[in-house]
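Single-letter residue listing:
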Amino acid sequence: MKLKVIIALTLSTACSAFALKGGHSATTTAVGRTNNASANNQPPVAFVRPDRRSDSGVALRAAVAAAGDSNSNAMSARGGGGLGGLDIPLITYFGLWYLGNYYYNISNKLALKATGGAAGFPMTISALQLGIGSLYGIFLWLAPDARDKPKVTMDDIIKMLPVAFCYAGAHSASVFSFSAGSVSFGQIVKAAEPAFAAVLSQFVYKKKISKAKWLCLPIVIGGVIIASVNELDFAWAALISACLANCFAAVKGNENKKLMETEGLKDRIGSVGNQFCITSIMGFLLSIPFVMLREGSKLGSFVEALKTVPALRSNMIASALWFYGYNEISTMTLKKTNAVTQSVANTAKRVIVIIGVALVLGESLDFMKLLGCGIGIGGVFLYSIIDNLVKPKEVKEE
């Protein structure tokens, strides 16, 4: 069973690595074939009057170029030649993103349970998940024609440190939250990330948040509170860790925006996949001191458990690959969609993961928890689109 999980993710991430790289070339090839077909229909030069050959050639080339541009635009509008107007690659990305997130949460929880939950090795497991995922990213760099290597400088690496640190912090805090309480509860608390992002953006990064968005935050926070009322697996450690993960994620988002404003950095990184792999490698390296500080004294027990407990070994490897795969695919997916589509996608993802994982792991789903979940996630969705719904009135010039 575990082997099937690993093979499935390996295939899906490989597809994601090649799909975007091949999408443009496929469109270009199709347009090229159209141009060639048009060129083959040119009348023989022998039938063109000598004094008009030059003008006819110019006109013909212009017509062929116009036809090529028209075909290219038509294919772009359909999302790369999707069936019946559907963007099949984008739909596939959504499916793999949801599937990866779903299986990551299950395999991650099973790996944590195999070592005693919060009292076991959550920091070690979270760090190794980043490390194993990084190995897969490095493999794509080394494999022939899989992915071009980045050309970042040491200055670029230094500038990426804040993003990598926050990325590792958000992941470790999330894993600890899931080890201390139920996955569904941790996901509900993590849905409140916009509240943390709003506070940081307004008061730390001096980016103004609209009044409409501020008015949405009580809905989000209220939903989390309602969901916590009858939570059977409630633990302050789970709540605090999930909130800490939200803080790290909010800082990461703002720092990443600043980072990508660095001149020429996007060209040196080369792709979204490269950026994620570099961040994962740096996040893993930055996690090692914290692993040694918190769980270093009992790493021998972890190694022994890794040898003797198959559930730990298989689920940890599977969760690492699922985590790397779904994060990379989600980044690709969101870059191909607009803000409203992103909001709907994230909302649907959380609902699927919370309910699906709770059913599989046997976690409680009483009325109050579902009510709070619905209110909180609904508030997040409203927060994401409220500025599009309530646009400022335009001032008419006299």
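Residues numbered from 1 in each chain as written. Predicted model: local features only at pLDDT ≥ 70, side-chain atom pairs only at ≥ 80, totals over all residues. Heavy atoms only, no water.

This part is about the overall build of the chain. Along the backbone of the chain there are 15 helices and 0 strands. When burial is assessed residue by residue, the chain has 44% of its 398 residues classed as buried. Put simply, 85% of the contacts in the chain that link residues at least 6 apart link residues at least 24 apart. Carbon and sulfur atoms form 65% of the exposed surface of the chain, whose accessible area is close to 20,600 Å². (Helix = DSSP H or I, 4+ residues; strand = E, 2+ residues; numbered from the N terminus. Buried < 20%, exposed > 50% of the residue type's maximum accessible area, 1.4 Å probe, protein only. Contact = heavy atoms within 4.5 Å. Areas by Shrake-Rupley, 256 points an atom, 1.4 Å probe, with all protein chains shown as cover.)

This part is about the confidence of the model for the chain. Confidence in the prediction of the chain, expressed as mean pLDDT, is 80, and 76% of residues score 70 or more. Low pLDDT, under 50, characterises residues 4-9; the stretch is placed with 10 contacts to residues that sit more than four places away or in other chains. Note that residues 11-82 has pLDDT below 50 and, in this model, 42 contacts with residues that lie over four places away or in other chains. (pLDDT = per-residue confidence, 0-100.)

The full count for this structure, using the stated rule, is 5 salt bridges. Here Asp387 makes a salt bridge to Lys213, at a shortest N to O gap of 3.8 Å. With Asp387 in helix H15 (residues 367-389) and Lys213 in helix H8 (residues 211-229), this residue pair connects regions lying 174 residues apart in the sequence. Accessibility expressed as a relative area gives 31% for Asp387, which makes it partly exposed. Note that Lys258 and Glu255 form a salt bridge whose closest N and O atoms lie 3.8 Å from each other. Linking Lys258 with Glu255, this pair stays in helix H9 (residues 236-259), spanning 3 residues, or about one helical turn. Its relative accessible area of 44% is what places Lys258 among the partly exposed residues. (Salt bridge = Lys/Arg side-chain N within 4 Å of Asp/Glu carboxyl O.)

Two elements in contact, helix H4 (residues 122-142) and helix H5 (residues 154-180), have axes whose closest approach is 9 Å; the angle formed by their N-to-C orientations is 135°. One finds that H4 runs oblique with respect to H5. As H4 runs across H5, the sense of the crossing is right-handed. Here Pro122, Met123, Ser126, Gln129 and Leu130 of H4 lie close against H5, whose contacting residues are Tyr167, Ala168, His171, Ser172, Val175, Phe176 and Ser179. Its residues placed into classes, the contact of H4 with H5 shows 7 nonpolar, 5 polar and no charged. (Axes fitted to C-alpha atoms, helices over the stretch in contact; angles between N-to-C directions. Parallel < 35°, antiparallel > 145°, perpendicular 65-115°, else oblique. Left-handed = near helix turned anticlockwise from the far one by under 90°. Nonpolar A, V, L, I, M, F, W, Y, C, P; charged D, E, K, R; others polar.)

To continue, consider the side chain of Asn108. Secondary-structure assignment places Asn108 in helix H3 (residues 88-114). Here Asn108 is in contact with Ile125, Gln129, Val175, Phe178 and Ser319, once residues within four sequence places are set aside.

As for its position among the elements, Pro218 is in helix H8. Residue Pro218 is classed as exposed on the basis of its relative accessible area, which comes to 54%. Considered as a pair, Pro218 and Ala195 are 23 residues apart in the sequence and their alpha carbons are 8.7 Å apart.

On to the packing of aromatic side chains. Where two aromatic rings form a pair, the distance of their centres and the angle of their planes describe that pair. Taken as a whole and judged by the stated rule, the model has 17 aromatic pairs. Ring centres of Phe94 and Tyr98 lie 6.3 Å apart, and the angle between their planes is 70°; this geometry places the pair in the edge-to-face category. Here Phe94 pairs with Tyr98, and both are found in helix H3, just 4 residues apart, close to one helical turn. Classification of Phe94 by relative accessible area gives buried; the value is 17%. Taking the relative accessible area as the measure of exposure, Tyr98 reaches 18% and is therefore buried. Ring pairing ties together the aromatic residues Tyr104, Tyr136, Phe139, Tyr167, Phe276, Phe323, Tyr324 and Tyr326, which thus form one cluster. Sitting over the ring of Tyr383, Lys213 keeps its end group 4.8 Å from the ring centre. In this arrangement the basic side chain of Lys298 is found over the ring face of Phe121, its NZ or CZ atom lying 5.2 Å from the centre. (Phe/Tyr/Trp six-rings, centres within 6.5 Å; stacked < 30°, edge-to-face > 60°. Lys NZ or Arg CZ within 6 Å of the ring centre and 35° of its normal.)

Here we take up the nonpolar core. Of all hydrophobic cores here, the largest spans 51 residues; its most connected members are Trp97 and Val357. Mapped onto this core, the elements with two or more residues apiece are H3, H4, H5, helix H10 (265-269), helix H11 (272-295), helix H12 (299-308), helix H13 (310-335) and helix H14 (339-361). What Val357 contacts, discounting residues up to four positions off in sequence, is Tyr102, Asn105, Ile106, Val183 and Ile352. The next biggest cluster of nonpolar side chains, apart from the first, holds 15 residues, and it includes Val189, Val224, Ala227 and Val380. (Core = buried A, V, L, I, M, F, W, Y, C linked by side-chain atoms within 4.5 Å.)

Attention shifts here to the packing of H4 against H11. Interaxial distance between H4 and H11 falls to 8 Å at its minimum, and their mutual angle equals 150°. Relative to H11, H4 is oriented roughly antiparallel. H4 and H11 meet at a crossing whose hand is left-handed. Contacts between H4 and H11 involve Pro122, Met123, Thr124, Ala127, Leu130, Gly131, Ser134, Gly137, Ile138 and Trp141 on the former and, on the latter, Asn274, Cys277, Ile278, Ser280, Ile281, Gly283, Phe284, Ser287, Phe290, Val291, Arg294 and Glu295. Looking at the contact of H4 with H11 residue by residue, the class counts come to 12 nonpolar, 8 polar and 2 charged.

This paragraph deals with H8. Here H8 is 19 residues long and its end C-alpha atoms lie 29 Å apart, about the 27 Å a rise of 1.5 Å per residue gives. The complete set of buried residues in H8 reads Ala212, Lys213, Cys216, Leu217, Val220, Gly223, Val224, Ala227 and Ser228. Within H8, the buried residues cover an arc of 145° as seen down the axis, which keeps them to one side. Exposed positions of H8 whose direction lies more than 90 degrees from the buried face are Lys211, Leu215, Pro218, Ile225 and Val229. Where the residues of H8 are buried, they touch helix H6 (183-190), helix H7 (193-203) and H15. (Expected span 1.5 Å × (residues − 1). Arc of directions from axis to C-beta.)

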